[in-house]
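Descriptive analysis of the structure
Each chain, letter by letter, is given below.
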Amino acid sequence: MSTRLALGTDLFETPGAKESALAAVLETAAHAGIDLIDTQPGDGDVERTLGCCWPFPSPFQVTIKTLPLEGQSVERVEARARRSLDLMGLAHGYAVLAPAADLLSRDGHALWTRLQALKHEGVVQKTGVVLGLDDEPVHLARRFRPDLIQINGSLLDQRPETSGVLHALADLGCEVWLRSVFLDGLLFMPREDLPPALADAGPRLSRIRRMLAEAGADPMQAALAYARSRPDVSTAVVSVRSAAELKALAAAASQPQPSLDWPEFALDHPVALDPRRWSEIRAPRNAA
């Protein structure tokens, strides 16, 4: 598998993530050969803590994301992107990415011009977009010609591949990163913990886990193997809460790729494939 892993920061505790815990995660990542860190937009507490915890010399490259443009000027959004690097104690980053919705807005061209200026100044190496299938990824890529695109996709949500989007983006020269490869933990969620909106997906999810077990693959191993074996994907973003979780993930990633018929594990459930629609996802029905 040639696809690299990037460590997402979206599960790091905020505010005030403990430096010792985050330092342990970064040390574990470095030992596992993970050298890409994918940060969240304007997450100042995590950015400051990261800046205090980098090993020296740092083996990591960092992506930053712009704040939502709504209600702000492009100048302010650009300034906050620069501030993200300052908070992390970095002179430059690997990439800066904006959400597709902002690029498709009235000020999208002006925002993209600002991001391109960051690249030309050497503040970042690449400019890119975070998008979903509903954002017409191929059309957007042809219009803006980003260096890098992040899109959700997973063992359960194979639509970016089966629709041909991943291949088309790679053909356009985009570096494609796959996000949400564990679909917010849905593959690991016990059936009884599913929120009401996903209750009808329970039987299919149980069957998928059973098929994986019969094939001798655990869900984490299979999810990582799917993401890392996509020929048009350069990087898969994974998120953890602790060094222990990252060690388990790294161990799963080091296992031989299971022999699986990938399409058998796709989930056809519109709500399940869009975690933004999961009402009560953090409050399962058996919770107190």
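Fair warning: this is a prediction, and the values are worked out from it, not measured in the lab. (Residues numbered from 1 in each chain as written. Predicted model: local features only at pLDDT ≥ 70, side-chain atom pairs only at ≥ 80, totals over all residues. Heavy atoms only, no water.)

A few words now on the overall build of the chain. When you go through the chain residue by residue, the secondary structure sums to 11 helices and 8 strands. The C-alpha radius of gyration of the chain comes to 19 Å, within 12% of the 19 Å expected for a compact globule of 288 residues. Principal axes of the C-alpha set define a box for the chain whose edges measure 55 × 45 × 40 Å. The buried share among the 288 residues of the chain stands at 49%. (Helix = DSSP H or I, 4+ residues; strand = E, 2+ residues; numbered from the N terminus. Rg over C-alpha atoms; globule rule 2.2 N^0.38 Å. Buried < 20%, exposed > 50% of the residue type's maximum accessible area, 1.4 Å probe, protein only.)

Turning next to the layout of surface pockets. Roughly 1,400 Å³ of volume is contained in the largest pocket. If you go around the largest pocket, you meet 41 residues; those closest to its centre are Asn 152, Ser 180, Leu 183, Asp 184 and Pro 275. Listing elements by their share of the lining of the largest pocket, those giving two or more residues are β5 (124-131), β6 (148-152), α7 (159-162), β8 (235-239) and α11 (243-253). Among the residues forming the lining of the largest pocket, the class breakdown is 21 nonpolar, 6 polar and 14 charged. (1 Å grid on protein atoms, 1.4 Å probe; cavity = no way out; pocket = protein on both sides within 12 Å on 5 of 7 lines; lining within 4 Å. Points joined across faces, edges and corners; volume = space filled by probe spheres on them. Nonpolar A, V, L, I, M, F, W, Y, C, P; charged D, E, K, R; others polar.)

The subject of this paragraph is the packing of aromatic side chains. All chains considered together, the criterion is met by 5 aromatic pairs. For the pair Trp 54 and Phe 60, a centre-to-centre distance of 5.8 Å together with 40° between the ring planes defines the contact as tilted. Arranged with centres 6.3 Å apart and planes meeting at 20°, the rings of Tyr 94 and Trp 177 form a pair that is stacked. Of the two residues, Tyr 94 is situated in strand β4 (residues 93-99) and Trp 177 in strand β7 (residues 175-179); the sequence distance between them amounts to 83 residues. No difference in accessibility class separates Tyr 94 from Trp 177, as the two residues are buried. (Phe/Tyr/Trp six-rings, centres within 6.5 Å; stacked < 30°, edge-to-face > 60°.)

On to the confidence of the model for the chain. Close inspection of predicted coordinates is inappropriate for parts of the model with low pLDDT. Taken over all residues, the pLDDT of the chain has a mean of 90, while the share at 70 or more is 94%. Averaged over each element, pLDDT in the chain is lowest for helix α2 (residues 44-53) (88) and highest for β5 (98). Below pLDDT 50 for its whole length, residues 279-288 participates in 15 contacts with residues either more than four positions away or in separate chains. (pLDDT = per-residue confidence, 0-100. Contact = heavy atoms within 4.5 Å.)

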